[in-house]
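# Summary of structural features
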Amino acid sequence: MKILIAFFSATGNTKKIATVIKNKLKELGVNVTSVDITSYSSRQKELKIDEYDGIFFGFPIYSMRAPRICREWLHNINGKGKKCSVFFTYGGFGKDPAHYYTKQILDENNFKLVSSAEFVSAHTFNYSGWLAAQNRPNQSDYKIAEEYTVKTINKFITKEAYIPIEYDKPIFSSEQLDQAEKYRFHVITKLPTRDGVNCSMCGLCENICPTKAMDAEKGLADLDSCISCFRCIANCPDQVLHTNNISNTWEKKLEFHKTTKEGIDRMVSKIYI
Ligand SMILES: Cc1cc2nc3c(=O)[nH]c(=O)nc-3n(C[C@H](O)[C@H](O)[C@H](O)COP(=O)(O)O)c2cc1C
């Protein structure tokens, strides 16, 4: 059996889960290849799927869906009737629409989605002063990732007729989420900007930007193409890139996780099968 894992991971959480899945598959004696589609150039190459018996896709959740650039990338892949699964990492807030809207793309593109999963992970906005889901994913999340891998492989192998998973229709339409995406990107968190004189001008921020939005010379990201993934901030060796501090909004967010049933439930990683 040959399995492909294709994942996007700007700050490393989704990559951690992809690695656990890869190691579990190896332990099970499965032949596995993984492809990291975070860089701009990797998403320009055609994803060759013909030789694989099943595909795992891994994405972070941005504004309750897979990031726009991942959805656009997925739109261009013909699934040729292959079985697949999608796993998400998210910061403990909105996440349900990600399952529904990603399945919609996969259905349209002739993939057969057999399972999905969501893993609680440190929120990217912790780089802006939040303290959401710090130290996640942890060992318990990794255990769930291993269980998800085993259950999904069994679904890839089975000769039984394919029964699609049904997700509840989200209360938010794609158009509403498009608006939320724009608002989050450029109003809540501001563009990554160089701040400080200790830049060694290594150019790493520009080279690793998934959307080619960062200009190392200017020390500023482009408003239209930046997706606020903070890959540049997370990886700057001189630590001179920053966004604005939004820690003042954290208390209210913390209330949600501490006091509501929904908030407590969102701190648990889950498998849908
Ligand atoms: C622009 C943006 C929007 C996000 N929106 C959500 C969201 O709606 N719900 C949530 O729980 N986490 C959200 N997150 C947090 C990420 O899903 C989470 O930190 C994820 O694990 C990052 O994955 P990575 O480290 O592989 O890049 C968002 C992060 C970013 C950068």
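Relevant structure appears above.
Now for a quick tour of the structure. (Residues numbered from 1 in each chain as written. Predicted model: local features only at pLDDT ≥ 70, side-chain atom pairs only at ≥ 80, totals over all residues. Heavy atoms only, no water.)

### Focus: empty space enclosed by the protein
- Enumeration according to the criterion identifies two cavities of 30 Å³ or more in this entry.
- What the largest cavity holds in volume is close to 110 Å³.
- Taken together, 16 residues form the lining of the largest cavity, with R194, C199, C205, C236 and L241 sitting closest to its centre.
- Contributing elements (two or more residues each) for the lining of the largest cavity: α6 (204-208) and β7 (214-215).
- Looking at the lining of the largest cavity residue by residue, the classes come out as 11 nonpolar, two polar and three charged.
- For the second largest cavity, the calculated volume is near 100 Å³. (1 Å grid on protein atoms, 1.4 Å probe; cavity = no way out; pocket = protein on both sides within 12 Å on 5 of 7 lines; lining within 4 Å. Points joined across faces, edges and corners; volume = space filled by probe spheres on them. Helix = DSSP H or I, 4+ residues; strand = E, 2+ residues; numbered from the N terminus. Nonpolar A, V, L, I, M, F, W, Y, C, P; charged D, E, K, R; others polar.)

### Points about the site of the ligand
- Around the ligand, the surrounding shell holds 26 residues, and the nearest of these are S9, T11, T14, I61 and A122.
- Take G12: an N or O atom from its main chain is 3.2 Å from an oxygen atom of the ligand.
- Within the backbone of G91, one N or O atom sits 3.0 Å away from an oxygen atom of the ligand.
- Under a 2 Å grid-point criterion requiring more than half of the atoms, the pocket assigned to the ligand is the largest pocket.
- For the shell around the ligand, the elements supplying multiple residues, two or more each, are α1 (13-27), β4 (83-90) and α5 (174-188).
- Taken together, the residues that form the shell around the ligand break down as 11 nonpolar, 14 polar and one charged. (Near = heavy atom within 4 Å. Polar contact = N/O pair within 3.5 Å; in protein donor to acceptor, adjacent residues only side chain to side chain. Sits in = over half its atoms within 2 Å of the grid points.)

### Structural notes on the sheet that holds strand β5 (residues 112-120)
- Across the sheet, which stays open at both edges, the six strands sit in the order β2-β1-β3-β4-β5-β10 with mixed pairing between neighbours. Each edge of the open sheet is held by one strand with a lone partner, namely β2 (31-36) and β10 (270-272). The mean angle between the axes of side-by-side strands here comes to 15°, regardless of whether they run parallel or antiparallel.
- On the sheet, helix α2 (residues 68-75) packs against β1 (2-7) and β3 (54-60) and is oriented at approximately 155° with respect to β3.
- Contacting β1, β3, β4, β5 and β10, helix α4 (residues 139-157) crosses the sheet at an angle of about 180° to β5. (Pairing = 2+ DSSP bridges. Axes fitted to C-alpha atoms, helices over the stretch in contact; angles between N-to-C directions. Contact = heavy atoms within 4.5 Å.)

### What about the layout of surface pockets?
- Roughly 800 Å³ of internal volume is contained in the largest pocket.
- Every residue lining the largest pocket is counted, 45 residues in all, and those nearest its centre are I61, M64, F93, G94 and K95.
- Contributing elements (two or more residues each) for the lining of the largest pocket: α1, β4, α3 (96-108) and α5.
- Residue classes in the lining of the largest pocket are distributed as 21 nonpolar, 15 polar and nine charged.
- Lining the lining of the largest pocket are residues from two domains, each supplying at least three of them: domain 1 (2-170 + 266-272) and domain 2 (190-243).
- By volume, the second largest pocket is sized at about 300 Å³.
- Surrounding the second largest pocket, 17 residues form its lining, K45, E46, L47, N76 and I77 being those nearest its centre.
- Of the residues in the lining of the second largest pocket, the class split is six nonpolar, four polar and seven charged. (Domains from an automatic or database assignment.)

### As for the environment of C199
- Here C199 shows up in the loop between β6 (193-194) and α6.
- Take C199: its relative accessible area is 25%, and that puts it in the partly exposed class.
- With 22 residues separating them in the primary sequence, C199 and A221 have C-alpha atoms 15 Å apart.
- Other than its neighbours up to four places away in sequence, C199 contacts R194, D238 and V240. (Buried < 20%, exposed > 50% of the residue type's maximum accessible area, 1.4 Å probe, protein only.)

### Regarding the pattern of salt bridges
- With the rule as written, the count across this model stands at 15 salt bridges.
- One salt bridge in this structure joins D96 and K95, with 2.7 Å as the shortest N-O distance.
- According to the relative accessible area criterion, K95 is buried, its value standing at 6%.
- A salt bridge links D265 to K270, with the shortest nitrogen-to-oxygen separation between them at 3.4 Å.
- Each of R65, R71, D178 and E181 takes part in a single network of salt bridges with overlapping partners. (Salt bridge = Lys/Arg side-chain N within 4 Å of Asp/Glu carboxyl O.)

### A short note on the packing of aromatic side chains
- Inspection of the entire model under this criterion finds 15 aromatic pairs.
- Relative to Y272, the ring of Y167 has its centre 6.1 Å away and its plane inclined at 70°; by these criteria the two rings are edge-to-face. With a gap of 105 residues between them, Y167 in the loop between α4 and α5 and Y272 in strand β10 connect regions that are remote in the sequence.
- Judged by its relative accessible area of 23%, Y272 falls in the partly exposed class.
- These aromatic residues form a ring-pair network of at least three members: F93, F125, W130, F230, W250 and F256.
- Here K2 stacks its cationic end above the ring of Y52, 5.9 Å away from the centre of that ring. (Phe/Tyr/Trp six-rings, centres within 6.5 Å; stacked < 30°, edge-to-face > 60°. Lys NZ or Arg CZ within 6 Å of the ring centre and 35° of its normal.)

Note that every value here comes from positions in space, so none of it alone points to a role or purpose.
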